[in-house]
Amino acid sequence: MDSEIYIALNKFDNFTGIKGESIEELIKRYVKLYLEMERLKITKTNEEWVDKLANVLPGDMWRTYLLDLKKIYLNLNLSLFIEKIK
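In this text the structure is predicted, and so the values were computed from the model without any measurement.

Student: Please give an account of the overall build of the protein that cites residues and values.
Tutor: When you go through the protein residue by residue, the secondary structure sums to five helices and zero strands. Listing each helix as α and each strand as β along the protein from the N terminus yields α-α-α-α-α. Taking all contacts inside the protein whose residues are at least 6 apart in sequence as the whole, residues at least 24 apart take part in 59%. Roughly 6000 Å² of accessible area belongs to the protein as shown, and the carbon and sulfur atoms make up 54% of that amount.

Structure follows, in structure tokens:
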């Protein structure tokens, strides 16, 4: 496996928030990873992209909000999901 692809997949698998990081900063890093993986032709389902971002949002506030959206958020594409959480 190409090392760039391996590194990008590893970044995706281990993606998490950084202490003190704002939601905007977290989203910016996530979108950068998304674009990097797209450039490397690494495909993920929309559900995988949205689910990964949803799982790294910090705090109970997000858990409650996502439970309310659970029926629809996995059906949103990544950009629509980002708009919902901004």
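Next comes the rest of the description.
Student: Kindly report on helix 5 (residues 78-85), identifying the contributing residues and their values.
Tutor: Those residues of helix 5 that fall on the buried side of the exposure criterion are Leu 78, Phe 81, Ile 82 and Ile 85. In an axial view of helix 5, the angular spread of the buried residues amounts to 100°, which keeps them on one side of the axis.

Student: Mind laying out the packing of aromatic side chains, listing which residues take part and the relevant values?
Tutor: Under the defined criterion, the tally for this structure stands at four aromatic pairs. Judged by centre distance (5.1 Å) and plane angle (80°), the ring pair of Phe 12 and Trp 49 falls under edge-to-face. Of the two residues, Phe 12 is situated in helix 1 (residues 3-13) and Trp 49 in helix 3 (residues 46-56); the sequence distance between them amounts to 37 residues. By relative accessible area, which is 5% here, Phe 12 ends up buried. Owing to a relative accessible area of 5%, Trp 49 belongs among the buried residues under this scheme. Clustering of aromatic rings is evident, with ring pairs tying together Phe 12, Phe 15, Tyr 30, Tyr 34 and Trp 49.

Student: Please give an account of the side chain of Glu 21 that cites residues and values.
Tutor: Tracing the chain through its elements places Glu 21 in the loop between helix 1 and helix 2 (23-39). By relative accessible area, Glu 21 is classed as buried at 19%. Within polar-contact distance, the side chain of Glu 21 engages the side chain of Arg 29 at 2.6 Å. The residues contacting Glu 21, other than those within four sequence positions of it, are Leu 26 and Arg 29.

Student: Explain the environment of Lys 86 to me, and be specific about the residues and the numbers.
Tutor: For Lys 86, the position within the fold is in the segment after helix 5. It is 7.9 Å that separates the C-alpha atoms of Lys 86 and Ile 23, two residues lying 63 residues apart in sequence.

Student: Requested: an account of the packing of helix 2 against helix 5, with residues and values cited.
Tutor: Put simply, helix 2 and helix 5 touch, their axes get as near as 12 Å, and they point 175° apart. With respect to their mutual orientation, helix 2 and helix 5 come out roughly antiparallel. Residues Ile 27, Tyr 30, Val 31 and Tyr 34 of helix 2 form the contact with helix 5, whose own contacting residues are Leu 78, Ile 82 and Ile 85. Broken down by class, the residue content of the contact of helix 2 with helix 5 amounts to seven nonpolar, no polar and no charged.

Calculation notes
- Per chain, residues are indexed from 1 in the order of the written sequence.
- In keeping with the predicted nature of the model, local features appear solely for residues at pLDDT of at least 70, side-chain atom pairs appear and are counted solely at 80 or more, and the whole-chain, interface and lining totals rest on all residues.
- With hydrogens and water set aside, each side-chain value is computed from the structure's full complement of heavy atoms.
- For helices the rule is a DSSP run of H or I covering at least 4 residues; for strands it is a run of E covering at least 2, with both sets numbered from the N terminus onward.
- The contact rule is simple, with two residues in contact once any of their heavy atoms fall within 4.5 Å.
- Per-residue accessibility takes into account occlusion by the displayed protein chains alone, with areas from the Shrake-Rupley method and a 1.4 Å probe.
- Relative accessible area decides the class of each residue, using a 1.4 Å probe on protein chains only: under 20% of the type maximum gives buried, over 50% gives exposed, and in between gives partly exposed.
- To be clear, the arc concerns the directions from the helix axis to the C-beta atoms.
- Paired rings are identified among Phe, Tyr and Trp, the last through its six-membered ring, by centres lying within 6.5 Å, and are further divided according to the angle between planes into stacked (under 30 degrees), edge-to-face (over 60) and tilted (the rest).
- A 3.5 Å cut-off defines polar contacts: any pair of N or O atoms within that distance qualifies, except that in protein one atom must be a possible hydrogen donor and the other a possible acceptor, and neighbouring residues in sequence count only when both atoms are side-chain atoms.
- Fitting a line to C-alpha atoms yields each axis, with helices limited to the stretch in contact; the angle taken between N-to-C directions then spans 0 to 180 degrees.
- Angular relationships are summarised with four words: roughly parallel below 35 degrees, roughly antiparallel beyond 145, roughly perpendicular across 65 to 115, and oblique for the angles in between.
- Charged means Asp, Glu, Lys or Arg here, nonpolar means Ala, Val, Leu, Ile, Met, Phe, Trp, Tyr, Cys or Pro, and polar covers whatever is left, Gly included.

By themselves these figures say nothing about function.
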